[in-house]
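Tertiary structure, described
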Amino acid sequence: MTQLPYAVDAETPLNAAELNVLRAQYEKEGEMVGVQTKFNYAWGLVKSNVRADQHLGVMLLSEIFRTSPERRRECLYYLALGNYKLGNYAQARKYNDALLENEPANLQAANLRALIDDRVTKEGLMGVAIISGVAVAAGVIGGVLLRNLGRKR
């Protein structure tokens, strides 16, 4: 669990029964689903630990963001959170920065920004380590091949 109390949504999924209540309401409304019902279901999906749920939640929030301008502010944080959980850090930062631009004192968004930055740093360092390891391995293999070619001549 993170040390950031305001970013608790990043790591606290709904239980299956709670998510099923939201899913049932969403499905009950069918093609005439209301924006609030869609938002509630998307919110629950984004909080999930299941990647497919998170992806669907981001898709639903994106639809709301595009079609309901009056609800954009509400969608920004959960679009940022969903993209963060999916590993889409550039998208997460884009949505989160838009929220912080309008609400610089938003502690939830500020803490999510710290989580995004931390993850990008960790994964960036891991990527550098992997690339370095591959380069070293290629150098060793290349050296062995060159030495073996030299012996055959």
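Right, let's walk through the structure included here.

What counts as what
- Residues numbered from 1 in each chain as written.
- Predicted model: local features only at pLDDT ≥ 70, side-chain atom pairs only at ≥ 80, totals over all residues.
- Heavy atoms only, no water.
- Helix = DSSP H or I, 4+ residues; strand = E, 2+ residues; numbered from the N terminus.
- Buried < 20%, exposed > 50% of the residue type's maximum accessible area, 1.4 Å probe, protein only.
- Contact = heavy atoms within 4.5 Å.
- Salt bridge = Lys/Arg side-chain N within 4 Å of Asp/Glu carboxyl O.
- Axes fitted to C-alpha atoms, helices over the stretch in contact; angles between N-to-C directions.
- Parallel < 35°, antiparallel > 145°, perpendicular 65-115°, else oblique.
- Left-handed = near helix turned anticlockwise from the far one by under 90°.

Secondary structure assignment for the protein chain yields six helices and zero strands. Element order for the protein chain, N to C, with α for helix and β for strand: α-α-α-α-α-α. Here the protein chain holds 153 residues, and 33% of them are scored as buried. Considering only residue pairs separated by 6 or more positions, the protein chain has 52% of its internal contacts joining residues 24 or more positions apart.

This brings us to the pattern of salt bridges. According to the stated counting rule, one finds seven salt bridges in the structure shown. Taking the shortest distance from any N to any O, the salt bridge between Glu 103 and Arg 73 comes out at 2.5 Å. Residue Glu 103 is found in the loop between helix H5 (89-102) and helix H6 (107-152), and its partner Arg 73 is found in helix H4 (residues 72-86); the two are separated by 30 residues along the sequence. Across the salt bridge formed by Arg 113 and Asp 117, the nearest N and O atoms sit 3.1 Å from each other. Of this pair, Arg 113 and Asp 117 are both found in helix H6, four residues apart, which corresponds to roughly one turn of the helix. Taking the relative accessible area as the measure of exposure, Arg 113 reaches 25% and is therefore partly exposed. The network of salt bridges with common partners includes Arg 93, Asp 97, Arg 113 and Asp 117.

We now examine the packing of helix H3 (residues 51-67) against H4. Where H3 meets H4, the closest approach of the two axes is 9 Å, and the angle between their N-to-C directions is 150 degrees. Between H3 and H4, the angle is such that the two are roughly antiparallel. Where H3 crosses over H4, the two elements pack in a sense that is left-handed. Contacts from Arg 51, Gln 54, His 55, Val 58, Leu 61, Ser 62, Ile 64, Phe 65 and Arg 66 in H3 reach Arg 72, Cys 75, Leu 76, Tyr 78, Leu 79, Gly 82, Asn 83, Lys 85 and Leu 86 in H4.

The next subject is the environment of Tyr 89. Relative to the elements of secondary structure, Tyr 89 occurs in helix H5. Judged by its relative accessible area of 12%, Tyr 89 is buried. For Tyr 89 and Asp 117, which are 28 residues apart along the polypeptide, the C-alpha to C-alpha distance reads 8.5 Å. Filtering out sequence-adjacent residues up to four positions away, Tyr 89 remains in contact with Asn 83, Tyr 84, Ile 116, Arg 119, Val 120 and Glu 123.

One can find Asp 53 in helix H3. Those residues in contact with Asp 53 that lie beyond four places of it in its chain are Leu 19, Arg 23, Leu 45, Val 46 and Ser 48.

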